[in-house]
Structures are given as structure tokens and as C-alpha cells.
Amino acid sequence: MPPTPQNPSCIKTYFMKKGRYITYKDALREALLQEMERDHRIFVYGLGVPDHNAIFGTTKGLLEKFGPERVFDTPLSEDAMTGVGLGAALNGLIPVHHHIRVDFLLLAFNQLANMVSVWRYASGGRVKVPFVIRAIIGRGWGQGAQHSKSTQAVFAHIPGLKVVMPSTPRDAKGLLVSALRDDNPVIIFEHRWLYDQEGEVPEESFTTPLGKGSILRKGKDITVVATSWMNVEAHHASEILKQRGVSVEIVDPRTIYPLDEKIIVDSVKKTGHCIVADNGWLNCGFSAEVAAVVSNKCFGELKSPVERIGFPATPCPMARVLENEFYPNAADIVRVIEKKLKLEPSDLSGEIFYSYEKRFKGPF
Amino acid sequence: MKAVSKKIAIELYKKVYLIRSAERGIINNYKRNVMKSPMHMSMGEEAIIAGVCQALRRQDQALGTYRSHGLYLAKTGETDGFFAEMYGKASGNAGGKAGSMFLSRPSAGLVGVSAVVATTIPVAAGVAYANKVKRNGKITTVFFGDGAIEEGAFWESLNFACLKKVPLLFVCEDNGFAIHAGEAARHGYKSIADIVGKFESNVFTSSSTDPEVIFEIATKAINMIKKTKKPSFLHLKYYRYLEHVGVGEDFAVGYRPKSEFKKWMKADPMKLMRGNLLKKGIREEAIMQLEKIIDKKVERSISLAENAPDPAKSELYKNVFYEKG
């Protein structure tokens, strides 16, 4: 079944194998539940954690199960609440701080860049900072310039922070469990469109290693390195091009920092072409980092220059027509692949691309 | 008020004298360019540091600012790792990675300090929150200057600490300056003690430079934390003897007159505390003996630091992250 606006569970079609199917948000909730049961040092906090929305349902029921010392709402103090997490981590707890918008996490930039990321290093390695931060990124429904950022490159630039972007329900669970057991500061960026995606997720607890990418789709003609939601778009593009005999390989780095360079380099050496489709701004972005790695390590094998797909260097506008211009989608990926492989443009007029319209009417 | 015992008075003096002696050691050697890092000197704040630290137990925890030589020495009593850290040597407390502005020694209760104003205040609230959850009875203290009160992090942390009723002692060391900017350039309020008093907290103020007086106030403040289950807040005045950063005087540059310094010197913490010991019947020779032991300890640590090896270059890359195994 191809993805349609009526069936936004694109990942279900593409990524699922046999087994239990649950949504991305339920996978996150299950990880929190299982880990909090296993490890009493874990506490979750942040604005909205115990309310009726429960961070898109990912923290639902935690307060009732674990009580207000381990699950609590906070004052509107992102900076101090991040410092509180650092202090609690230094004293042996494992904080999980939630931000319903990554834009609000920026208020905590001081603590993250000056304190959390530095503390272990400047202590001469005598202390550990087990600290997980979850932040929602990406496109919603006319969210505009302050409710839709994707700041993976900003945080991945700072030594001492690990940055994770799960794309599938399975990875959402496995990467969150790994983050909770990592003993380092880990920021997890969750795209809000991914929350309702379904996929196969084992019920028992498991870890997906940080710093290891995955091949989400095997192919031989061209490599697309995609992050977060752009994996869904890349799969749609791959399905379209499959009908024309083009075999696309999709590499999901999963962890932005530390980056699994090998999985990218191996794929590009095989295909000779590389596109980076990053769910973020192009300028000084993660896509530039990948392009630099690929040109450095695959120079002899490249049949064409690395091409980048991402957001233009503008704030995100509200108006739908401008928003659609701002965000790249599967059609953009199809066109870039065609250009690189010197193919005539496909007729996309009958193609229905993913849109949130049919599913969601706001306001939140 | 019950008089401070001889035993505690001696401990207070040892702390004050150690800070003074160690900083003299820094001043004497700094000009030789052997400590290649900015120094924010503690001279003048010894009564606050010694008094509060004396009221803490070893297992109680403390955080501070980039001006924390005094805090490190009073909380840990340790000088070998301290001086090696100042020299950036492998045997430094943090292997030379921290220096003067990022001192820490968790094993002795010094969680850490930081060189960005107000940044350790929320961390202290988190440390105290963990202690509350663990029900271990530990008190956390956080030292900061009056400039920190102008940062949002202070208010955010005060609010959280009072809301969650964490066992935290706020210590505002007010020297009247943020670098060189005086109160008139910065304060849009009349009394910080009045404002903090509106929060669910216990507030104490003092302009004393007598370590015994500060010790008694801090003891009372800590008892109130235990009794009321609310944080306490100390607003304490002192005078910074040296320049904001560096080991020299700065009265010639014009933002404060030397006459102020002379006035405060009359109530110098070390002088006052030494007088207290004499009044308690401790003999001059015994005090001199104490001082000699401390001076020797400082000299020895400086000599060890001078001769210690530099960190290996490979250390640059180590401990960015914790790695298992």
C-alpha cells in the first residue's frame, strides 16, 4: 500500500516487518515505563509532563505509577530546570527533561553549552552526567518561526553532548533506552509528525546503540542520507523511482553526534552518489558535515558531487504556501535523484504527497 | 548568643589563614608566569567562606563561582591538588583541565564552581533536590555574588527551591561590584533581603567580617532549613581587596577609592579572628605555630606543583564523554 494522505503511516508500509506494531509515541512511553521500573534513579520532568496531553501521550500514566517526586511539571524556567537536571545527575539521579518545542530548549542553551556539556571534562573525568533531554522538533500545522525548529546541528556542534534523532518507532524505543543507560548528556529530537507513525517494536526492553546508523532501505544506484522525518520522504521518493528501475539506498544516521561515518562512507563507495536530506537548515548544517565526510573519504569513488536537501536560510513562515516552499518533500528528493542519475523527470502529477492537512486541524 | 568554642574558633582561624597563606603563595609566584590562567582572588571574603564552611559537615555539599580559591580550601583543606591545578599540571585536582575558575572536589563535598555568573545556582538546586529525594539529610550551599541576582537563573532557581522545599542554603556574597559596575548602575530594587523574604524562605543578613559571627548566622540558617523545610538565604557584605581578576590592587583605576579598603582593613577577617583566639586565651606562640604549619603545607604544595609533570597531550581528548568498560 503506497503512502497517501489518508494513510499517513508511511513508515508502517516501508519499515515494518513481522511482529507487534505500535506507534512511535507509544514506543517512547513504553521505554520510559520499562526503564523507570527498572531503575529508580530515573525521574521525568518538564512543562506538560503530567497534564492531559502528556507530551503527545509519551508520559501518560507515569505520574500515577511513579508519584510526584519522579514525575513533575515545572515552573517556566527552562534554563534553571536544566541546571537542576545537571545537579541531580551529579548526585546520582537520572533526569529526563522534556520540552514540548525545541524552540523552548534554546532558553536552556547556557546550561547546555556552558555547564552540562563541560562538567565531566572539567572535573578531570571524576564525575558522570547521565542526563536525557527530549525535545519536539519539526513541522506541525502553521507553527511558524518559534514552534517548529530543528536544531540538531546547533547542539551537535558542542562537544560533550550526544544528539539523537530516531526515525522509526523501533529506534525511538531502543535509542531512548540507550540514552537512559548512557551516563552522558543525550538530547533526543523527536519530529512531531513521527509520533503517529506505526512500526514493529519488540515489547521487551532492548537497546539500539548510540553512534550507530542503520540502512533503512537497501539499494545500489544512489545513497540518500536522511534524518528524522526526511527518512519518510526519502522512502516515498524511493518507491516512486523504484517503478523506473532506480534502486535507492537510504542511510539513517540515527545519531547526529557521535556520527557513524562508516555506514555512510560504505554506502557511498558502493553507489557512487550521495544526497543528504536533512530535516534542518542547510547553511552550516548537519548536511554540510556529512558532505564534508563523504567528499573527504569517498573522493575517488564519487561519480557526482554530494547534493544537499534541507531548509533554506529563512525563518519558518506561517502561510501554508510559504511553509510548503520552506519544507522539502519526497518530490524534491525525486528531482535531485533524477538530476544526478541523468534521468528524464518523472510525471508526479498523479502522486499524492504526505500532508498533515487530512489528519490534523489544530490548534496545538 | 552562646560563645563559639575554642575548638571551633581554631578551626575557623585555620581556614582563614589557609586561604590567606595560599593566596599569598599565588601572588608571590604569579608574576613569574608559572600559572598561565586568570585568577579571581578571595582576599576579603574569608569570613564568609570560613564561617559558612565551618557550619557545614564534610558530607554537606557546596557550589561556588570563579572566585572560589577560598571555598575550595575551606571545604576540602587540601592544597596539593589545588596548586597543581593552578599550575595546569597532571597532578592537578582535575589534571589541569579546570584551573582556577572550575575547581571541584566532589569527594570532599565541593560539587563544583563555574565561570559564568549564576550558572551553579540551579545546579545547586538540583543537587539539593537529589538529597531531598534520597532523604540523606545533606545540606547544599551555593555561593554567588550580588551580580548573580541580576541573572534570570537566580530567580528561576530561588523559585524552584522554595516551591520544592529543598535543603539549600543560598549565600550571596555582596562586594558591591559586578566587575567594575557598582550598585547604582545595576540595582532597580532597594533590598534583596526584603524581596527574597517574600519567597518561602528564611532570610538572614550581615555586614560582619568576623568569621565567628558568620559561623553563628550560618549555623542558625542551616538549623532553620531543617526546622522549616524551606531554603535559607544569607545576604552577606564583604570587600574585595584585589582587582576583579588578577593578583594586584586596582585603586588607581578610579572606580573605588583606597580609603574604602583602609576602612574595611580595620575589620580584616584574619585580624579579627586572630584577636578572637587571643581573647579566648590561646597563646600567641600557639597561633604562630599553627600559622607555621599552614605556611609549610602551602610551600610544599607549591614546590610539588612546580616540579610536577605536564599533562600528556593525549589528555586533550579524554573524558569528553564517559565510556563504559
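Being a predicted model, the structure only gives us computed values, none of them experimental.

Peer 1: Please clarify how the domain arrangement of chain A should be interpreted in this entry.
Peer 2: Interface size, as often reported, equals the accessible area lost upon joining of the parts. All names here are of chain A. You can read the domains of chain A as domain 1 (10–200) and domain 2 (214–340). Taking only C-alpha atoms into account, the centre of domain 1 sits 25 Å from that of domain 2. Residue-level contacts link 27 residues of domain 1 with 26 residues of domain 2. For the side of domain 1 that touches domain 2, the secondary structure elements donating two or more residues are helix H1 (10–15), helix H8 (152–156), strand S6 (162–164), helix H9 (169–180) and strand S7 (185–191). With 4 residues, the single largest contributor to the side of domain 1 that touches domain 2 is H1. Counted by class, the side of domain 1 that touches domain 2 contains 16 nonpolar, 8 polar and 3 charged residues.

Peer 1: Hey, could you run me through helix H8 (residues 211–228) of chain B in this one?
Peer 2: Owing to its 3.6 residues per turn, the α-helix brings residues three or four apart onto one side. Residues and elements named next belong to chain B. For H8, with 18 residues, the first-to-last C-alpha span of 25 Å sits near the 26 Å given by 1.5 Å per residue. The set of residues buried in H8 consists of Pro211, Glu212, Ile214, Phe215, Glu216, Ile217, Ala218, Ala221, Ile222 and Ile225. Where H8 is buried, its residues touch helix H1 (6–30), helix H2 (46–55), strand S4 (168–174), strand S7 (202–206), strand S8 (232–237) and helix H10 (269–279). Residue Lys229 follows H8 closely and has a positive phi angle near 60°.

Peer 1: Just checking my understanding: could you explain helix H2 (residues 24–38) of chain A for this structure?
Peer 2: Residues and elements named next belong to chain A. For H2, built from 15 residues, the straight-helix expectation of 21 Å at 1.5 Å per residue is met to within 8% by its first-to-last C-alpha distance of 21 Å. With 11 of its 15 residues buried, H2 lies for the most part within the structure. Every buried residue of H2 is listed here: Tyr24, Lys25, Asp26, Ala27, Leu28, Arg29, Glu30, Ala31, Leu32, Glu35 and Met36. Looking at the buried side of H2, the elements it contacts are strand S1 (21–23), strand S2 (42–46), helix H3 (62–66) and H9.

Peer 1: I'm lost on the sheet that holds S4(B) in this one. Help?
Peer 2: Where strands meet in a sheet, backbone hydrogen bonds hold them as pairs that are either parallel or antiparallel. Residues and elements named next belong to chain B. With parallel pairing, the 6 strands of this open sheet are ordered in space as S2-S1-S3-S4-S8-S7. Both edges of this open sheet fall to strand S2 (110–114) and S7, since each of them pairs with a single strand only. This sheet shows a mean twist of 15° between the axes of neighbouring strands, independent of strand direction. As defined by bridge partners, strand S1 (residues 61–65) adjoins S2 across 4 bridges and the pair is classed as parallel. Across the sheet, Leu63 pairs through a bridge with Gly112, a residue of S2.

Peer 1: Quick question: what am I supposed to make of unusual backbone geometry here?
Peer 2: Negative phi characterises most residues that are not glycine, and trans characterises most peptide bonds. For the bond from Tyr257(A) to Pro258(A), the omega torsion is -5°, close enough to zero to count as cis. As for its placement among the helices and strands, Pro258(A) is situated in the loop between strand S12 (255–257) and helix H11 (261–271). A positive phi is found at Ala54(A), a non-glycine position, where the angle reads about 50°. Mapped onto the elements of the fold, Ala54(A) is located in the loop between S2 and H3. Positive phi, normally seen in glycine, also occurs at Arg135(B), with a value near 50°. Position of Arg135(B) among the secondary structure elements: in the loop between helix H5 (120–134) and strand S3 (140–145). Its 7 C-beta neighbours within 10 Å are what place Arg135(B) among the exposed residues.

Peer 1: Can you walk me through the nonpolar core in this structure?
Peer 2: Across soluble globular proteins, nonpolar side chains have a tendency to be buried as a group. Core analysis: the largest hydrophobic core is formed by 191 residues, its most contacted members being Ile333(A) and Ala125(B). The dominant element in this core, judged by the number of residues it contributes, is H1(B), at 9 residues. When we break this core down by domain, the ones giving at least three residues each are domain 1 (10–200) and domain 2 (214–340) of chain A. The contacts of Ala125(B), once residues within four sequence positions are left out, are Ala80(A), Gly83(A), Val84(A), Gly87(A), Ser157(B), Phe160(B), Ala161(B), Val166(B) and Leu168(B).

Peer 1: Where do I start with the packing of helix H4 (residues 78–90) of chain A against H5(B) in this structure?
Peer 2: Axis angle and axis distance: for two packed helices, these are the angle between their axes and the distance between the axes, and together they describe the pair. Their axes nearest at 6 Å, the elements H4(A) and H5(B) cross at an angle of 50°. Regarding the angle of H4(A) to H5(B), the classification is oblique. Crossing of H4(A) over H5(B) shows right-handed handedness. Here H4(A) contributes Asp79(A), Ala80(A), Gly83(A), Val84(A), Gly85(A), Leu86(A), Gly87(A), Ala88(A) and Leu90(A) to the contact with H5(B), which in turn contributes Pro122(B), Val123(B), Ala124(B), Ala125(B), Gly126(B), Val127(B), Tyr129(B) and Ala130(B). When grouped by side-chain class, the residues that make up the contact of H4(A) with H5(B) number 12 nonpolar, 4 polar and 1 charged.

Peer 1: Help me understand the pairing of strand S5 (residues 131–137) of chain A, please; the structure alone is not making it clear to me.
Peer 2: Along any regular strand, the residues point their side chains to alternate faces of the sheet. Residue and element names in this part refer to chain A. Counted residue by residue, S5 has 7 buried out of 7 residues, so it is predominantly covered. With burial as the criterion, each face of S5 is covered, one bearing Phe131, Ile133, Ala135 and Ile137 and the other bearing Val132, Arg134 and Ile136. As paired elements, strand S4 (residues 94–99) and S5 share 4 bridges and run parallel to each other. Bridge assignment links Val96 to a residue of S5, and that residue is Val132. The sheet contact formed by S5 and S7 spans 7 bridges and is parallel. Bridging across to S7, Phe131 finds its partner in Pro185.

Peer 1: What is the right way to read the interface of chain A and chain B from this model?
Peer 2: Between chain A and chain B, the residue contacts involve 33 residues of the former and 35 residues of the latter. Among the elements of the structure, H4, helix H6 (109–116) and helix H7 (119–122) of chain A are those that each provide at least two residues to the side of chain A that touches chain B. Examining the composition of the side of chain A that touches chain B, we find that 9 residues originate from one element, H4(A), more than from any other. Taken together, the residues of the side of chain A that touches chain B break down into 13 nonpolar, 14 polar and 6 charged.

Peer 1: Looking at this structure, I do not really get the sheet that holds strand S9 (residues 214–217) of chain A. What am I missing?
Peer 2: Residues and elements named next belong to chain A. Reading across from one edge, S9-S11-S10-S13-S14 is the order of the 5 strands in this open sheet, with mixed pairing throughout. Where the open sheet ends on each side, the last strands, each with one partner, are S9 and strand S14 (307–311). Along the sheet, successive strands turn relative to each other by an average axial angle of 25°, direction set aside. Lying over the sheet, helix H12 (residues 286–297) contacts strand S10 (222–226), strand S13 (274–281) and S14, oriented at roughly 155° with respect to S13. Together, S10, strand S11 (248–252), S13 and S14 form the strand contacts of helix H14 (residues 330–340), whose direction differs from that of S14 by roughly 165°.

Peer 1: Explain the packing of H1(B) against H10(B) to me, please; I cannot follow it from the model alone.
Peer 2: All names here are of chain B. Relative to each other, H1 and H10 sit at 150°, their axes nearing to 10 Å. Here H10 runs roughly antiparallel to H1, going by the angle between their axes. As H1 runs across H10, the sense of the crossing is left-handed. On H10, the residues that touch Ala9, Ile10, Leu12, Tyr13, Val16, Tyr17 and Arg20 of H1 are Pro269, Met270, Met273, Arg274, Asn276 and Leu277. Residues of the contact of H1 with H10, tallied by class, amount to 10 nonpolar, 1 polar and 2 charged.

Calculation rules
Residues numbered from 1 in each chain as written. Chains lettered and ligands numbered in written order. Predicted model: local features only at pLDDT ≥ 70, side-chain atom pairs only at ≥ 80, totals over all residues. Domains from an automatic or database assignment. Contact = placed C-beta atoms within 7 Å. Helix = DSSP H or I, 4+ residues; strand = E, 2+ residues; numbered from the N terminus. Nonpolar A, V, L, I, M, F, W, Y, C, P; charged D, E, K, R; others polar. Expected span 1.5 Å × (residues − 1). Buried ≥ 20, exposed ≤ 12 C-beta atoms within 10 Å, placed from the backbone. Pairing = 2+ DSSP bridges. Axes fitted to C-alpha atoms, helices over the stretch in contact; angles between N-to-C directions. Core = buried A, V, L, I, M, F, W, Y, C linked by C-beta atoms within 7 Å. Parallel < 35°, antiparallel > 145°, perpendicular 65-115°, else oblique. Left-handed = near helix turned anticlockwise from the far one by under 90°.

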